[in-house]
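# Inside the fold
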Amino acid sequence: MKTQKTPLYLGLDASTQSLKALIIDAALNVQSEFVVNFDRDLPQFATQGGVHRHDDKLTVTAPPLMWVAALDRLFDGMRAEEFPFQHITALSGSGQQHGSVYLAHGTEGKLRDLSATEPLHTQLETIFALDASPVWMDSSTTAQCRALETALGGAQAVADLTGSRAYERFTGNQIAKLHQTQPERYAQSERIALVSSFMAGLLTGTPAPIDFSDGSGMNLLDIRQREWVATALTACAPDLASRLGTPVPSHSCVGTMAPWFVQRYGFSKSCRVIAFSGDNPNSLAGLRLQEAGDIAVSLGTSDTVFGSLRDPRPSGQEGHVFVNPIDPEGYMAMICFKNGSLTRERVRDRHAGGSWTDFGDAFARTPPGNHGRIGMFFLEPEITPPVLNTGVFRFDERDRPVAEFDRDGDVRAVVESQFLSMRLHGERLGLQPRRLLATGGASQDPVMLRGLADVFGVPVAVIDQRDSAALGAAYRALHGYRCYAADRFIPFADILPSSPATHVAAEPDPEAHRIYNTMLKRVARLESQLCIKG
Ligand code: 5FX
């Protein structure tokens, strides 16, 4: 490897399936990337897609020791390629959100007394009070969610305080379940970390604080006061505050690299570790969505909409508000839609012979507004809006249910209803788009770009940003380091100018947009009739 002498900034991404490192220089150029895939490279942990699915079909966990072994493997691989660790000025990271790591009494001593001749994972086998960490795919805590909502005065009350109603995967509910079902394990846990703060703690050699942004995915943090909600902690488990530690702003410097990394890999003793955060907050940083109104629409297997905002309106029904990872005064909203690309593909396969070109032709044969017809395709149980009964729900121009549309009508309906739903639920949380950045597999498709521009009434740019979480972590390493060096918060935009996506791929058609404004109210009404029916 060519020795790179300029200061480097490293972003680690501990995602569900892999651990990645992405390195940038001070001019924001990506210098190199390395990856360890859990299933392929660490077969001894026998994961599938990085997780273990349990027989009850609801419990999903990952072995936390695997994440330690992955760090050994990643850095060993980089050393084998003569990576210049000594030039890394600062490092930050990203973790899959919501997952929790239970550290037994005595962990701090073990982190302090590491021998540089041994890998981490053989020395840290015994630090875990629980060797199966619940992750974000777990949905086994419905009873704990209802109990939290009852304790705090209902779903809207939980959302007003913590940014989201009680969700099964959110960490507070996971902790409550552990305390109720395995109290001895809870008692053994001296610290409880998120995946993000756990990884940061390995690097600094001392348990690292949870950052405000990833901490917002726990149903425990007051997103306005930026402190734990005492009633939520008490409702989940006793003596929880000391186990969680004090949360910190996401740009905080949480330490320097522990001696083990300095001795074994040649990191500089002064290499700073900036607080790690969740993968979605890091993606927001990676796409540089610092301006309120810059909203990303990620069109993937599921669709996600997220963006920065100043005046959030958390909903007791859907979506999430997190503290913003790059603006300590701000917020980010995020909404997940389970019926994304796969659902569009199923309509394409049925009506366009599997061809996106034919799908596009069918879309173009019907006018915006589909002659007043609305069709909602919930081929998977939907998260937003919460609709459990799967199926296609078609309505005529007077909102009367109908069994079928013609093929062109179905094609237009799936695109329009999905994007109208995104706009509706985004607006409910306070997202007001100035422009959209489309990312993900389907974001280059002209049909999607036209639909997004017309439904939202704003220009749409396409941004092809793979590894946005790792890149965001590298950006935050650079930004956090500059804040640390200046001893004050420096606006992210002063260091990383706004999103690089400048090429507008679609401008809205005002006439089509007017039609969608009217349809939006009908979609809201029709959706609410379908919500949570099993
Ligand atoms: C967000 O709330 C989620 O649960 C997922 O996007 C995880 O963060 C994936 F890692």
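Described below are features of the structure shown in this document. These numbers were taken from a predicted model, which means no experiment stands behind them.

Evaluated as defined, the whole model comprises zero disulfides. Free cysteine: C271, not disulfide-bonded; nearest cysteine sulfur from C253 at 9.3 Å. C271 sits in the buried class, given a relative accessible area of 0%. Here C483 stays unpaired: no disulfide links it, and the sulfur of C253, its closest cysteine neighbor, is 11 Å away.

Time to look at the packing of helix α2 (residues 64-80) against helix α9 (residues 195-204). In contact at an axis separation of 11 Å, α2 and α9 are set at 50° when each is read in the N-to-C sense. It follows from the interaxial angle that α2 and α9 lie oblique. Between α2 and α9 lies a crossing of right-handed hand. Across the interface between the two elements, P64, W67, V68, L71 and F75 from α2 touch V195, F198, M199, L202 and L203 from α9. A breakdown of the residues in the contact of α2 with α9 according to their chemical character gives ten nonpolar, no polar and no charged.

Moving on, we get to helix α17 (residues 407-429). With 23 residues, α17 ought to run about 33 Å at 1.5 Å a step, and its terminal C-alpha atoms sit 34 Å apart, in line with that. Within two residues after α17, G430 carries a phi angle of roughly 105°, on the positive side.

As a further point, take the sheet that holds strand β16 (residues 303-309). Spatially, β17-β18-β16-β15-β22-β23-β24 is the arrangement adopted by the seven strands of the open sheet, whose pairing is mixed. Each end of this open sheet is capped by a strand with a single partner; those strands are β17 (320-323) and β24 (504-506). Across the sheet, the mean angle from the axis of one strand to that of its neighbour is 30°, orientation sign disregarded. With four bridges joining them, β17 and strand β18 (residues 331-337) adopt antiparallel strand pairing. Bridge assignment links V321 to a residue of β18, and that residue is A333.

Let us now look at the nonpolar core. Within the largest apolar cluster, 84 residues are counted, with the highest numbers of intra-cluster contacts made by L220, L240, L244, F359, M422 and L452. In terms of residue count, the dominant contributor to this core is α17 (nine residues). When residues of this core are assigned to domains, at least three map to each of domain 1 (8-281) and domain 2 (341-462 + 505-533). The contacts of L244, once residues within four sequence positions are left out, are I175, R191, I192, I210, M218, L220, W228 and L233. Within the second largest apolar cluster, 58 residues are counted, among which are F45, A62, V273 and F276.

What counts as what
For every chain, the first residue of the written sequence is number 1, and numbering continues from 1 along that sequence. In keeping with the predicted nature of the model, local features appear solely for residues at pLDDT of at least 70, side-chain atom pairs appear and are counted solely at 80 or more, and the whole-chain, interface and lining totals rest on all residues. As a convention, hydrogens and water are excluded, and side-chain values are obtained from all of the structure's heavy atoms. Cysteine sulfur atoms are paired as a disulfide whenever they fall within 2.5 Å. Categorising residues by exposure relies on relative accessible area from a 1.4 Å probe, with only protein chains included: less than 20% of the type maximum marks a residue as buried, more than 50% marks it as exposed, and the intermediate range marks it as partly exposed. Interaxial angle, 0 to 180 degrees, is taken between N-to-C directions of lines fitted to C-alpha atoms, where a helix line uses only the stretch in contact. Only DSSP runs of H or I reaching four residues or more are called helices, and only runs of E reaching two or more are called strands; each is numbered from the N terminus. The labels follow the angle: roughly parallel below 35 degrees, roughly antiparallel above 145, roughly perpendicular from 65 to 115, and oblique for the rest. Note on convention: near helix rotated counterclockwise from far helix by under a right angle means a left-handed crossing. Clockwise means right-handed. Contacts: residue pairs with any heavy atoms within 4.5 Å of one another. In the scheme used here, Gly and all other residues not listed as nonpolar or charged are polar, with Ala, Val, Leu, Ile, Met, Phe, Trp, Tyr, Cys and Pro taken as nonpolar and Asp, Glu, Lys and Arg as charged. One less than the residue count of a helix, multiplied by 1.5 Å, gives the span that helix is expected to have. If DSSP finds at least two bridges between two strands, the strands pair. Residues belong to one nonpolar core when they are buried, are Ala, Val, Leu, Ile, Met, Phe, Trp, Tyr or Cys, and are joined through side-chain atoms within 4.5 Å. Note that the domain bounds were set by an automatic or database domain assignment.

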